[in-house]
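# Observations on the three-dimensional arrangement
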Amino acid sequence: MQLEILTDDEQNARICADYWRQTEEGEFAFKIREIASTHGMKPHVVSKYVEQYAFVWREDICCGRCKQPYRFGTRSQYQERRWLQNRVCKACMDAERQAIADKKRDLILKMRQSAENNMPDLKTLGLTSKIYLLAAIQALGDENFSIIEPLDDYPACTLSPDFVYDHKVLRHLIDDHLLLICLDTRLEAVELQEDDRFSIDLGECAFNIALDADQITALINEFFDEETAQSFRQAPEFITLCKEVQLNECLGFLKVILEDHQLYLSPGEKTRQVLSQCLEKFSVAQVYNFIWRAAKDAAAYYMRSSISKRQAANSVVGNISRNMERALANGWDVKLFNRNYNLPQSSLSRIIFNVVLGTDDGGFEKTLHELIA
Ligand SMILES: [Zn+2]
């Protein structure tokens, strides 16, 4: 044990030396009571007094990283020393945190700079991009048309009908150079990985819109110009988008309903295929009916058989498919469901079905064929 005395006052130095003196066996040579009486002090102030003027350290009790020995100001701290062995010290932790923050800030800056080198070309901007951008502005934009706020700060279905689709919309706009990551995006959005790789959570990011306010106003006006809106409605790209949004309404509902039954499914290509087929013949409100029934059956199947939750969830898609075929073959009048309380109409859906198609239905109770007829 090494003693460092921090005072020139001889009396104080003697008190500290007595306090920390050890016998050859490593015991403290004097009891606190003895030190107090020798130096005319009250016993309960001795430790506090000594702590101001001295500390001890040992080479073997040091930070695991910088090897700086820990300092002990009182006997009780010293007696707890083994807890500190090889623990990383506060200075090292702070430095590490700072380095990570700097690295993340630097990554955000680089992303921003590389995006700024590619300005969007308004003349060649596709209809899908225009609609996505308008939906993003309406759902997440600030009052000045300059910032798109983080998606995760908003409830589900604000931008699009499904979480996965939300991210697809943002990714599309970034790839089109329409959104630039904000420099003050919170650092939690960036996750550093090994080998200098990193991932970014788009839901946590804020963006600047790469267009100025006049350009955005012009874009919005296009949608309210009857002639332009008419040309939008006839574009094959628009029909594809309508289908995509309706499909995602169904995917979003499927996930929510399965979760209600504590079943989980990550919908893949097969699920998309089956739901798309359903939407050729039925409205979203009717497909909700197929989904609701299939999920209920899957939950019952799980309860009465010794199958796994995974098998139960996987039975849902086949069930939807069979029920659709039966309904078609028998000409059943499939009852319309209401919108789920947790899945309100999204901005994207409002722009497509209410603004462009000019219907009040929101693409919900009527089939797409009926809506675009
Ligand atoms: Zn350290």
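Identification of the chain as TniQ protein from Halomonas koreensis is taken from an unreviewed UniProt entry.

Turning next to the overall build of the chain. From N to C terminus, the chain includes 15 helices and 7 strands. For 373 residues, the compact-globule estimate of 2.2 N^0.38 gives 21 Å, and the chain exceeds it by more than 25% at 33 Å. With respect to the three principal axes, the spread of C-alpha positions in the chain is 105 × 60 × 40 Å. Taking all 373 residues of the chain together, the buried fraction comes to 29%. At a minimum sequence separation of 6, the contacts of the chain that also span at least 24 residues come to 66%.

Strand order in the open sheet formed by 3 strands is β3-β7-β4, and the pairing between neighbours is antiparallel. Bordering the open sheet on either side are β3 (147-148) and β4 (179-181), each of which pairs with just one other strand. As paired elements, β3 and strand β7 (residues 207-209) share 2 bridges and run antiparallel to each other. Across the sheet, residue Ile147 finds its bridge partner in β7, namely Asn208.

In terms of nonpolar packing, the biggest core is built from 41 residues, with Ala135, Ala136, Val169, Leu179 and Ile352 touching the most fellow members. Those elements that provide at least two residues to this core are α6 (127-140), α7 (163-175), β4, β7, α10 (236-260) and α14 (347-356). With 9 residues, α6 is the single largest residue contributor to this core. Of the domains in this structure, domain 2 (93-222) and domain 3 (226-372) are the two that each give at least three residues to this core. Among residues more than four places away in sequence, those in contact with Val169 are Tyr132, Ala135, Ala136, Leu159, Ser160 and Leu348. Core analysis: the next-biggest nonpolar cluster, separate from the first, contains 30 residues, Cys278, Leu279, Ala285 and Ala294 among them.

A positive phi angle, near 65°, is found at Lys67, a position not held by glycine. A positive phi angle, close to 65°, is found at Asp196, a residue other than glycine. Within the fold, Asp196 resides in the loop between β5 (190-192) and β6 (198-200). The class for Asp196 is exposed, based on 8 C-beta atoms found within 10 Å.

The subject of this paragraph is the environment of Ala213. Here Ala213 lies in helix α8 (residues 213-224). Separated by 29 residues in the primary sequence, Ala213 and Cys242 place their C-alpha atoms 27 Å from one another.

Regions with low pLDDT should not have their predicted coordinates read in detail. Averaged over all residues, the pLDDT of the chain is 93; the fraction at 70 or higher stands at 100%. Per-element averaging of pLDDT across the chain places helix α15 (residues 368-372) at the bottom with 89 and strand β2 (residues 54-57) at the top with 97.

Take the packing of helix α1 (residues 10-20) against helix α2 (residues 32-39) next. How two helices pack is summed up by the angle between their axes together with the distance between the axes. Following both chains from N to C, one finds α1 and α2 inclined at 160°, their axes separated by 10 Å at the closest point. One element, α1, and the other, α2, form an angle in the roughly antiparallel class. In the crossing of α1 with α2, the sense of the turn from one axis to the other is right-handed. Side by side, α1 and α2 meet where Ile15, Asp18 and Tyr19 of the first sit next to Ile35, Thr38 and His39 of the second. When its residues are assigned to classes, the contact of α1 with α2 shows 3 nonpolar, 2 polar and 1 charged.

We now examine the domain arrangement of the chain. Assigned domains of the chain: these are domain 1 (2-84), domain 2 (93-222) and domain 3 (226-372). Taking only C-alpha atoms, the centre of domain 1 and the centre of domain 3 are 73 Å apart.

Let us look at helix α11 (residues 269-281). The end-to-end C-alpha separation of α11 is 19 Å, in line with the 18 Å expected for 13 residues at 1.5 Å each. By the burial criterion, the buried members of α11 are Thr271, Val274, Leu275, Cys278 and Leu279. Along α11, the residues classed as buried sweep out an arc of 140° about the axis, all on the same side. More than 90 degrees from the buried face of α11, the exposed residues found are Glu269, Lys270 and Glu280. Where α11 is buried, its residues meet α10, α12 (284-304), α13 (309-329) and α15.

Between α10 and α12, whose axes approach to 10 Å, the crossing angle comes to 25°. Accordingly, the angle class assigned to the pair α10 and α12 is roughly parallel. Of the two possible hands of crossing, α10 and α12 adopt the one that is right-handed. Mapping the contact onto sequence places Gln246, Glu249, Cys250, Phe253, Leu254, Ile257 and Leu258 in α10 and Val284, Val287, Tyr288, Ile291, Trp292 and Ala295 in α12.

Bringing the environment of Ala299 into the picture now. Among the secondary structure elements, Ala299 is positioned in helix α12. Remark: the alpha-carbon pair of Ala299 and Asp94, spanning 205 residues in sequence, is separated by 50 Å. When sequence neighbours within four positions are dropped, the list of residues in contact with Ala299 reads His261, Leu263 and Ala312.

What counts and what doesn't
- Residues numbered from 1 in each chain as written.
- Predicted model: local features only at pLDDT ≥ 70, side-chain atom pairs only at ≥ 80, totals over all residues.
- Helix = DSSP H or I, 4+ residues; strand = E, 2+ residues; numbered from the N terminus.
- Rg over C-alpha atoms; globule rule 2.2 N^0.38 Å.
- Buried ≥ 20, exposed ≤ 12 C-beta atoms within 10 Å, placed from the backbone.
- Contact = placed C-beta atoms within 7 Å.
- Pairing = 2+ DSSP bridges.
- Core = buried A, V, L, I, M, F, W, Y, C linked by C-beta atoms within 7 Å.
- Domains from an automatic or database assignment.
- pLDDT = per-residue confidence, 0-100.
- Axes fitted to C-alpha atoms, helices over the stretch in contact; angles between N-to-C directions.
- Parallel < 35°, antiparallel > 145°, perpendicular 65-115°, else oblique.
- Left-handed = near helix turned anticlockwise from the far one by under 90°.
- Nonpolar A, V, L, I, M, F, W, Y, C, P; charged D, E, K, R; others polar.
- Expected span 1.5 Å × (residues − 1).
- Arc of directions from axis to C-beta.

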